[in-house]
Amino acid sequence: MTTLLSEPLYTELSHVFNFSNQRYSLGCIAPYIYMHNAPAGTFKISLFKGVSLVFEKEFTSVELKTALETTNNYAHVFIPIIPDDPIQLTAGTYTVKLAASGYTYSNSSFIGWIRQHENLNNALYYTPMDDNENPLALRIKVFKRAIE
Amino acid sequence: MTRIVSFADGFTSASVPNVSGGDQEPYTLDNNDTGTILTLNPSLYKTIFYSFELTRKGAVTYVQAGSMTLSYNGSWELTFGAFQGSPIIQDTILNTQDVVISVSGNDLVFECGNLSSHVESTLKLYAVRIIA
């Protein structure tokens, strides 16, 4: 049995993280998404540096189920959001946003972003007072040099 | 507002996981609202944390607030030192009998008297719906 703490998407959710003194080639960003009964609509993950859009991609519940090779309507997974063009992450503050179009939250069908308190990629800028304030879970994958 | 999802082993499920958590739904009762204002169906509300805020305008401007817990277990059970059908809120509002909470059948009912005597007062009710 897995217990998840999911923040439902109403209009927008966002998570802020910092890079400092490094340069990375971005492989993907992977938010930890909970799908409850395959809601209709198109969901968009956007990466901003400051106020500048770095890249964004969309997905639907149908595409998510296809990627998971399942017909089930309930799932929790780190969704890899892969940029179409090469992206270099440099020092600065980044924001990942989850938004939607053609989607309406309901208790019976929604998309959520899962909160975790033990996530190596989450740099906290505040002190969470309870689990509801844990950061929205996110994995950031970068390219490294091939093993020589 | 976060949801607690109890998911069976694995990353996908054909059946509905157990989901609990709350939705906050505000309701505003205005001066001229009278009679039955709000009815809460127990099929949607198992437990509600209900808070209220009364703002009066005019010569006297202040905010009064309070909260209580109501749970449904076949019938609505009012906690916080109150009884079913008792005008709970009136104890914190001057010029009583403004808002009454009662049970009609299986539904929890909020009834409002005329607030106009209190000079442009509005009462906000926040019902937090607990799903599970």
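Treat the numbers as computed from the prediction; the structure is a model and nothing was measured.

### Focus: the interface of chain A and chain B
Part 1: Taken together, the contacts link 23 residues of chain A with 21 residues of chain B.
Part 2: Carbon and sulfur atoms supply 53% of the area that chain A and chain B bury against each other, a total of about 1800 Å² over both sides.
Part 3: The tally of links between chain A and chain B comes to zero salt bridges.
Part 4: Those elements giving two or more residues to the side of chain A that touches chain B turn out to be β1 (2–8), β3 (24–36), β6 (74–78) and β9 (110–115) of chain A.
Part 5: Among the elements that make up the side of chain A that touches chain B, the one with the highest residue count is β1 of chain A (seven residues).
Part 6: Considered class by class, the residues forming the side of chain A that touches chain B number eleven nonpolar, ten polar and two charged.
Part 7: Across two bridges, the pairing between β6 of chain A and strand β2 (residues 12–13) of chain B is antiparallel. By the bridge assignment, Ala75 of chain A is partnered in β2 of chain B with Thr12 of chain B.

### Topic: the packing of aromatic side chains
Part 1: Counted according to the given criterion, the structure contains eight aromatic pairs over all chains.
Part 2: Ring centres of Phe17 of chain A and Tyr94 of chain A lie 5.6 Å apart, and the angle between their planes is 10°; on these two criteria the pair is classed as stacked. Pair noted here: Phe17 of chain A is in strand β2 (residues 12–19) and Tyr94 of chain A is in strand β8 (residues 92–101), with a separation of 77 residues, a long-range link. Tyr94 of chain A carries the same exposure label as Phe17 of chain A, and that label is buried.
Part 3: When the ring of Tyr105 of chain A is compared with that of Phe110 of chain A, the centres are 5.5 Å apart and the planes differ by 45°; the resulting orientation is tilted.
Part 4: For Phe110 of chain A, a relative accessible area of 0% puts it in the buried group.
Part 5: Among the aromatic side chains, those forming a connected cluster through ring pairs are Tyr10, Tyr34, Tyr105 and Phe110 of chain A together with Phe7 of chain B.
Part 6: Sitting above the plane of the Phe48 of chain A ring, Lys97 of chain A keeps its charged end 4.7 Å from the centroid.
Part 7: When the ring centre of Phe78 of chain A is taken as reference, the NZ or CZ atom of Arg139 of chain A above it lies at 3.7 Å.

Parameters and conventions
Each chain carries its own residue numbering, running from 1 in the direction its sequence is written. A letter from A marks each chain and a number from 1 marks each ligand, given out in the order of writing. It should be noted that, the model being predicted, local features are given only for residues of pLDDT at least 70 and side-chain atom pairs only at 80 or more, the latter also being counted only at that level, while totals for whole chains, interfaces and linings use all residues. Excluded from the side-chain calculation are hydrogens and water; included are all heavy atoms of the structure. Here, residues are in contact when the closest pair of their heavy atoms is within 4.5 Å. In this description, buried area is defined as the sum, over both parts, of the accessible area (probe of 1.4 Å) that is lost when the two are combined. A pair is scored as a salt bridge if a Lys or Arg side-chain nitrogen falls within 4 Å of a carboxyl oxygen belonging to Asp or Glu. Secondary structure counts use DSSP, requiring at least four H or I residues in a row for a helix and at least two E residues in a row for a strand, with both numbered from the N terminus. Classification convention: Asp, Glu, Lys, Arg as charged; Ala, Val, Leu, Ile, Met, Phe, Trp, Tyr, Cys, Pro as nonpolar; all other residues, Gly among them, as polar. At least two bridges found by DSSP between two strands are what make those strands a pair. Two rings from Phe, Tyr or Trp (for Trp, the six-membered ring) form a pair when their centres sit within 6.5 Å of each other. Planes less than 30 degrees apart are called stacked, planes more than 60 degrees apart edge-to-face, and all others tilted. Categorising residues by exposure relies on relative accessible area from a 1.4 Å probe, with only protein chains included: less than 20% of the type maximum marks a residue as buried, more than 50% marks it as exposed, and the intermediate range marks it as partly exposed. Whether a charge lies above a ring is judged from NZ of Lys or CZ of Arg, which has to be within 6 Å of the ring centre and within 35 degrees of the ring normal.

By themselves, these are just geometric observations and shouldn't be taken as functional.
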